[in-house]
Amino acid sequence: MMIKRRKKDGNVSKYTIMLKVLDNICNTAPENFKSYHLEKKTEQEIDSIRSKAYIHLFLLVKFGIIDFKTRQDYITDGSADGGLDAYYIDEEQKIIYMIQSKFRANSTNFENKEISADELTAMEIDRILDGEPEGEDGVAYNGKIKGFQAKLSKISDLPRYKYKIIILANLSSERLLQRLFGNYEKEIFNYEKTYSELVFPVCSSTYYKNQRIVISMDIEDKIEEVNETFTTSFGDCDVSLLFVPLIDIAKMIGKYKNSILEYNPRNYLSLRKNNVNRSIETSVNENNSDFSLLNNGITLVCSQYESTTRTGKNNTTKVTIEDPQIINGGQTAFTLAKILDNADDELVNKLKAKKVLLKVISIYQEEGKNKEYRDFVNKISDATNRQTKIDEADRRANQSVQINLQTDIFEKFGYFYERKAGEFEEALSKKIIENDMIIKRDIMLKVIWAYHGKCGEARNNSGDKIFKKDVFDSIMESGISAERAVYSYLIHKKILCLEKLHKKNDYNSAEWGNAIRYGKFAVLSAYVAQYRDEEWSEENITQRLMELLSQWKAFESFVKTKESNKKYFSDVEEFDNYYKSVNVNSDVQEYFGV
C-alpha cells in the first residue's frame, strides 16, 4: 500500500513542538534571567534567545540538570568563546563534553541546513584544553571559558577522563569531523536525533534518555545486606536485600522520575492518583519504625550494584547502583518524593531515620540482546506487580511492540501514542502539546483490530478486555506500520467528527444508515478493504470516506438478506447488536473487498 504523508503531519509539527519546548524553558527562567523572557522581544531577539535555550534543552535532557542557573553556568556562548558554546563535566562517567550548537529559526533550515566547515574550525578545542588564556586571534577568552579551564585544572584524576565533542546541528560528513578533531569522541545531534532524543523525552518527562544513570548513596550506618546469585533463563543474576533510608529513595525518584520507571507499568505522574499515598504519608509521619514492617519495599533492576563500608568515614556505607529501574514499589517511591518536596526539618529527619526494604537485581546485559533483556525485565516486573491492582493496559505498556509503535508514530508523524496512562500530562499542562496530538492506547488498539478486519470485536470489547494478554497478542500479532496505524486512526477520528456533527439529525441515517452510529469500526474495515492497495493521504481520506458512506445503506440492505444474519433482522432491526457480532467481519469483506 502506498502512503503519501503531508509535510504538516510530520517534521513541521515536530519543529513547532520543539519551539514550544524552548519557549517554555525561556519563560520559566528565574526573574534574575529576564533576558530569556520572550515577552516584548523582537523576532530577531527571540531567535537569539531560542538558540541558547536549545543548549539548555540538551543539558536538561541528556544530563537531567533541572536547575536553570546550573545549566546557564555551563553555557559559554558569546564573544571570545573559542567556538565553544557549552560544556559539561560528568564526574560519574568521567567524560568532559564540549558542545557546538547551531539553532535555525525556521523548520526548513533546521531540517536541511548543515553546519559549515568554517563554523566547526572555529572550535579551538586544543587551545582551550591546553589552558591557553587567549584565542588564535589574540583576544582573551571570556570568563565562562576561563571558568571551564579553572574547573579542569582542579580535577585531580583528569587523565582518567575522556573528551567528547557534541555537534548540535546537521552534519552529513563524519569524515570532516574526523579530520578536524582527530581522536576525540564525537556525536552529532541532527534534526532527527534532536526530535527523538531531546524533544520527545521532554514531552514524556523522561530526562536522561539514553544517558547512563549512576546513583550513589552515602548511608550513615553500617548496613547489613543479604546477597545471592541465581542462574536464570537470561543468565546469572545477583540479588541483594538491604534496608535504606527513605530520604535516599525520595531523592532518587524525585530527580530521575520517569527515567527510572521505564519498566514500571505506571509513569511518575499517574502514581499520584492512588489512595495508598495517604497511608504511606501517615506511616512516615508517625513516631515509630512501623513503616519498615508495613511496607512491601521497593524492587529495582540495574546493571551493577556495589556497596562498601571502606569510605574513610566512621559508620558509613556507600552504595552505588548503575542504570537503576524501579519495577515494583513505584507508589512508595513517588509518595516519598512528594513528602520530601514539602517537608520541614522534623519530617526530613524522619525520612533520614526510617528505612525501607530495597531489593536490587543486578542483570548483565550483553550487547545485541536488548530485546531479550527487555522481555526478561518485563517478565520480572509483571510477576512482582501481580499482587498489586494494575490495569491490563498498564501491564502491556512496556512490550516492545508498543514501544516501537510509539517511537515510529512520533518520528514519522509527530503524534504522541500514549502507551502509559498520563505519560504526556506534564507537557499538556505546560501547553507544549495539545490533546488532539495524543493517540489514546485503547482507541489505537480498536483501530488496529478493525484495520485487520475484526470490526465486530473492536466494537464489542472495551477497557481491560482488549489488553488481556491473549487478546492483545491476537490484535498485534499481524503487525501494522506506523503509517497504516496513524491513517486508520485519522479515518476513525473523521467518522467520530461526523457522528458529533449529525447526532441531532438521527446520525444522517436517511443517507448513511447506521454507519456513524453503530458501524464506525465497520466503516474503517470497509475503507481498508476497498482502498488497501491504493495511495493513502490525508487529502483523500474525506473524499473516499464520503464515497463509502454513500454505499452504506445498500450494504445494510445486503446484510439483512443473509440467512446468517436472520436473528438480528427477523422481527426488529438490531443493528446495534449486529455491529458487535463476528458476522459483520465477513460481510464487510464480501461486500467491499476488492
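Values in this document were obtained by computation on a predicted structure and should not be read as measured data.

(A) Quick peek at the nonpolar core. One finds Leu59, Ile249, Phe416 and Ile433 to be the most contacted residues of the largest nonpolar core, which totals 115 residues. No other element matches the eleven residues that helix H2 (residues 43–63) contributes to this core. When residues no more than four places from it in sequence are discounted, the contact partners of Ile249 are Met217, Val244, Ile298, Ala333, Leu336, Val356 and Leu358. Core analysis: the next-biggest nonpolar cluster, separate from the first, contains 62 residues, Ala393, Met444, Ile491 and Trp512 among them.

(B) Spatial organisation of the pairing of strand E3 (residues 162–168). Across the seven residues that make up E3, a large majority, five, are buried. Bridge count between strand E2 (residues 95–101) and E3: seven bridges; the pairing is parallel. Residue pairing in the sheet places Gln100 in a bridge with Ile167 of E3. By the bridge criterion, four bridges tie E3 to strand E4 (residues 185–188) in an arrangement that is parallel. Bridging across to E4, Ile166 finds its partner in Glu187.

(C) Representation of the sheet that holds E2 within the structure. Spatially, the four strands line up as an open sheet ordered E1-E2-E3-E4, and their pairing is mixed. Edge positions in the sheet fall to strand E1 (86–90) and E4, since each has one partner strand and no second. Averaged over all pairs of adjacent strands, the angle between their axes in this sheet comes to 20°, without regard to strand direction. Running at roughly 150° to E2, H2 makes contact with E1, E2 and E3 of the sheet. Relative to the sheet, helix H8 (residues 174–181) contacts E3 and E4, its axis offset from that of E4 by approximately 145°.

(D) Expanded view of the packing of aromatic side chains. By the definition in use, this model includes 42 aromatic pairs. When the centroid spacing of 4.8 Å and the interplanar angle of 50° are considered together, the rings of Trp552 and Phe555 count as tilted. Here Phe555 and Trp552 lie together in helix H26 (residues 552–560), a separation of three residues that amounts to about one turn. Judged on exposure class, the residue Trp552 and its partner Phe555 are both buried. Here the aromatic cluster, defined as three or more aromatic residues joined through ring pairs, consists of Phe58, Phe63, Tyr74, Tyr87, Tyr88, Tyr97, Phe148 and Phe189. Lys193 extends its terminal NZ or CZ atom over the ring of Phe189, reaching a point 4.8 Å from the ring centre. Note that Arg532 overlies the ring of Tyr451, its terminal NZ or CZ placed 5.7 Å from the centroid.

Conventions we followed
Residues numbered from 1 in each chain as written. Predicted model: local features only at pLDDT ≥ 70, side-chain atom pairs only at ≥ 80, totals over all residues. Heavy atoms only, no water. Core = buried A, V, L, I, M, F, W, Y, C linked by side-chain atoms within 4.5 Å. Buried < 20%, exposed > 50% of the residue type's maximum accessible area, 1.4 Å probe, protein only. Helix = DSSP H or I, 4+ residues; strand = E, 2+ residues; numbered from the N terminus. Contact = heavy atoms within 4.5 Å. Pairing = 2+ DSSP bridges. Axes fitted to C-alpha atoms, helices over the stretch in contact; angles between N-to-C directions. Phe/Tyr/Trp six-rings, centres within 6.5 Å; stacked < 30°, edge-to-face > 60°. Lys NZ or Arg CZ within 6 Å of the ring centre and 35° of its normal.

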